[in-house]
Amino acid sequence: MAGTDLRAQLNNFIKAMHDQGILDEHFEHVKGLQNEYNPYFVLEIVSIFCRDAENVIAEVTKFLDEPVVDYVKTIGLVHQLRGGSSSLGGSRMAIACRELRQATQDNKKEECLQALEKVKREFSTLHEKLNVISQMERTILTNEGSMVQCIPSGSIY
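This write-up is about the structure you can find in this document.

About the criteria used
- Residues numbered from 1 in each chain as written.
- Predicted model: local features only at pLDDT ≥ 70, side-chain atom pairs only at ≥ 80, totals over all residues.
- Heavy atoms only, no water.
- Salt bridge = Lys/Arg side-chain N within 4 Å of Asp/Glu carboxyl O.
- Helix = DSSP H or I, 4+ residues; strand = E, 2+ residues; numbered from the N terminus.
- Buried < 20%, exposed > 50% of the residue type's maximum accessible area, 1.4 Å probe, protein only.
- Core = buried A, V, L, I, M, F, W, Y, C linked by side-chain atoms within 4.5 Å.
- Contact = heavy atoms within 4.5 Å.

Quick word on the pattern of salt bridges
For side chains of opposite charge, pairing can occur when their charged atoms come near one another.
Working step 1: Applying the stated criterion across every chain, the model contains 9 salt bridges.
Working step 2: The shortest N-O distance in the salt bridge between K31 and E137 comes to 3.4 Å. One end of the pair, K31, is in helix α2 (residues 25-32); the other, E137, is in helix α6 (residues 109-150), and 106 residues separate them in sequence.
Working step 3: Take K31: its relative accessible area is 17%, and that puts it in the buried class.
Working step 4: Residue class for E137 comes out buried when judged on its relative accessible area of 2%.

Written out as structure tokens, the structure is:
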């Protein structure tokens, strides 16, 4: 019963993130790829995304801090960041990345720096919310694992 309640809470939390525009339907697609053969899929994808996004944001920050910005390399990194956030369903972050990409294509350093700050804020929000989802997923998986261990062999579940 507790697992069902927590799953309902998780679904409500995700719905609220949809309502706020933080996540979109792509996240539902990612969740749909998780199954009994790969129960940690969402946790793994979230972990990889967050690690990669932190690294890319650090690289973009480094490039934009240079006196002469390498806009070509910066555009490539921003494109990578936008692709990752879009694939995961981080819609507000993807929008912020598009704005950063436009400023980068226009070779406007001040606009790039402003857009980068927005990307950082959106990533911080998304990261925080994904951490909550991950914690809930881990608890659900732990509870489901202990329920399976408690079922006597030969009984019908």
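Overview of the nonpolar core
Working step 1: With 40 residues, the main nonpolar core has F49, M93, L100 and L130 as its most contacted residues.
Working step 2: Counting residues per element, the ones that place at least two in this core are α1 (2-19), α2, α3 (41-65), α4 (71-88), α5 (91-105) and α6.
Working step 3: A total of 11 residues in this core trace back to one element, the largest contributor, which is α3.
Working step 4: Excluding residues that lie within four positions of it along the chain, M93 makes contacts with F49, A53, I57, L81, S85, E122, F123 and L126.

Nothing here speaks to function; it is geometry throughout.
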